[in-house]
Amino acid sequence: MGRNHYENFHKKAIFVTLFNKIKIMKGQNKLFIAIIIALILGVGVGALVHFQYRDSAESFSANIKLLGTVFIRLVQMIIAPLVFTTLVVGIAKMSDMSMIGRVGTKAMLWFLTASLVSLVIGLIFVNWLEPGKVITLDLSDTSSAAEIMTTTKSFSMEDFVKHIVPKSLFEAFATNEVLQIVVFSVMFGVALANMGEQYTQPIIKALDICAHAILKMVGYIMWVAPLGVFGAIAAIVATKGFDIFTVYAIYLRDFFLALAVLWLVLILVGYFILGNRLFDLLKRIKEPLLIAFSTTSSEAVFPKLVEELERFGCNKRIVSFILPLGYSFNLDGSMMYMTFASIFIAQIYGIDMSIGEQIIMLLVLMLTSKGIAGVPRASLVIIGCTCSMFGIPPEGIALILPIDHFCDMGRSMTNVLGNALSTSAVSKWEGQLEEAQD
């Protein structure tokens, strides 16, 4: 009798577990399908407006892309508090303080190596394929480039230091300066970790509760993603149509070829470290990759990426420590794009840069790119500053703007892949990579 009761209970437990797994999978698949449908509808509606109602295309685009703006702003609303709470709690809970230095060293080694490899790949391909020397276009519209340059100035070491070190936590929160928030959070977390538990436990517990509440909000916000995808895609197709793919075919072909090589390098390194578990990781981050590709914002998927990496088996403390750093130091797609685009502009204007000058540009980009926001068009600001430094007409940005949306799709997606791999790799090196959670 007791055995039958145990078997029935065991079967019931298995049934409940399977039911919960199926429920979670259905929820994830529904969101994935909704995003795909939004992509298709966005292209269809945008094409209809572009070809049938061209006079209204600009006003339609300005209004419909507000859907994407709403989604991005909702996500940006929770980025600062999420980074602060998860990072402080993750560091404060580390009983072994040497782990912070050990994990941080491994992470920075990955970040610097990945950044250098990304920049070099962009430099090699733009010099080999020479897209700027094949495409000859007149600079017919410089107003958009001029508008960007009014918000920039020549980059200096003083500006870089000010960009890293916050003078006010509240100002950093208000402007979503992730790197400044990271600096304060690390210092605050280390301070808490070095104090007695009787003093810090209430603070850590309160911040932990806040972090979980914010992560709960993530689930609600992610269901706004299909609307954001629809708005972003419909807006760009309505104004640019399909001619953009013809006009900039060579540039896009060469850029995505270089991006594919970067993906190949990242995946090979990931397989070398993670083995067959790499394929499980790629399967789990498919939604963050798709959202980043559709919304052109790697920052928009930060909360969802945290959730998926923890389900993959990465240590929660390592995720909360590495991932925010990655969004400031490990934007592989953006890094590659900056060298590619800068040299492309030089080629368009017939400016021949020596290998030495290009190497210096590479090092400057490696410095100035740290801390750039993972949001659309952030890379263009750095490119504009770099072009000014090396005597390249910044008006060349106008040549990139019409196709930057599509390039931004690829580089944002690559940023997400690079950060997922770096977090998983550090977890593996630390022996903290557990079995996947369904």
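Note that the structure is predicted; figures quoted are calculated from it, not measured.

### Some points on the overall build of the protein chain
Next, step 1: Each helix and strand in the protein chain was counted, giving 21 helices and zero strands.
Next, step 2: The buried share of the protein chain, taken over its 438 residues, is 50%.
Next, step 3: As displayed, the protein chain has an accessible area near 20,300 Å², and 66% of this comes from carbon and sulfur atoms.

### Notes on the environment of Phe188
Next, step 1: Counting through the fold element by element, Phe188 comes out in helix H9 (residues 178–193).
Next, step 2: When the C-alpha positions of Phe188 and Phe84 are compared, they lie 9.6 Å apart, and in sequence the two are 104 residues distant.
Next, step 3: Not counting the four nearest positions on each side in its chain, Phe188 is found in contact with Phe84, Val88 and Leu207.

### Considering a nonpolar patch on the surface
Next, step 1: A cluster of nonpolar side chains, contributed by Ile33, Ile37 and Leu41, occupies part of the molecular surface with about 280 Å² of accessible area.
Next, step 2: Structurally, Ile37 is set in helix H1 (residues 2–52).

### Some thoughts on the packing of helix H11 (residues 225–240) against helix H15 (residues 286–295)
Next, step 1: Look at H11 against H15: their axes get within 9 Å of each other, and the N-to-C directions meet at 35 degrees. Crossing handedness for the pair H11 and H15: left-handed. On H15, the residues touching Ala225, Val229, Ala232 and Ile233 of H11 are Ile291, Ser294 and Thr295.
Next, step 2: For the contact of H11 with H15, the residue count by class is five nonpolar, two polar and no charged.

### Some thoughts on the packing of aromatic side chains
Next, step 1: Across all of its chains, the model carries 12 aromatic pairs by this definition.
Next, step 2: Each residue in the set Tyr251, Phe255, Phe256, Tyr337, Phe340 and Phe344 is aromatic and connected to the rest through ring pairs, giving one cluster.
Next, step 3: Its guanidinium or amino end placed over the ring of Phe312, Arg277 lies 4.4 Å from that ring's centre, counting from NZ or CZ.
Next, step 4: Here the basic side chain of Arg411 rests over the ring of Tyr337, its NZ or CZ set 4.0 Å away from the ring centre.

### Focus on the side chain of Asp332
Next, step 1: Along the chain, the position of Asp332 falls in helix H18 (residues 332–348).
Next, step 2: Residue class for Asp332 comes out buried when judged on its relative accessible area of 0%.
Next, step 3: Those residues within four positions of Asp332 in sequence are excluded, and the remaining contacts are Ala114, Ser115, Ser118, Leu262, Leu266, Thr414, Asn415 and Gly418.

### Things to note about unusual backbone geometry
Next, step 1: Within the chain, Glu130 stands out as a residue other than glycine whose phi angle is a positive 50 degrees.
Next, step 2: Structurally, Glu130 is set in the loop between helix H4 (98–129) and helix H5 (131–134).
Next, step 3: When its relative accessible area of 29% is taken as the criterion, Glu130 is described as partly exposed.

Criteria and thresholds
- Residues numbered from 1 in each chain as written.
- Predicted model: local features only at pLDDT ≥ 70, side-chain atom pairs only at ≥ 80, totals over all residues.
- Heavy atoms only, no water.
- Helix = DSSP H or I, 4+ residues; strand = E, 2+ residues; numbered from the N terminus.
- Buried < 20%, exposed > 50% of the residue type's maximum accessible area, 1.4 Å probe, protein only.
- Areas by Shrake-Rupley, 256 points an atom, 1.4 Å probe, with all protein chains shown as cover.
- Contact = heavy atoms within 4.5 Å.
- Patch = residues over 30% accessible without salt bridge, like charges linked within 9 Å, V, L, I, M, F, W, Y side chains within 5 Å.
- Salt bridge = Lys/Arg side-chain N within 4 Å of Asp/Glu carboxyl O.
- Axes fitted to C-alpha atoms, helices over the stretch in contact; angles between N-to-C directions.
- Left-handed = near helix turned anticlockwise from the far one by under 90°.
- Nonpolar A, V, L, I, M, F, W, Y, C, P; charged D, E, K, R; others polar.
- Phe/Tyr/Trp six-rings, centres within 6.5 Å; stacked < 30°, edge-to-face > 60°.
- Lys NZ or Arg CZ within 6 Å of the ring centre and 35° of its normal.

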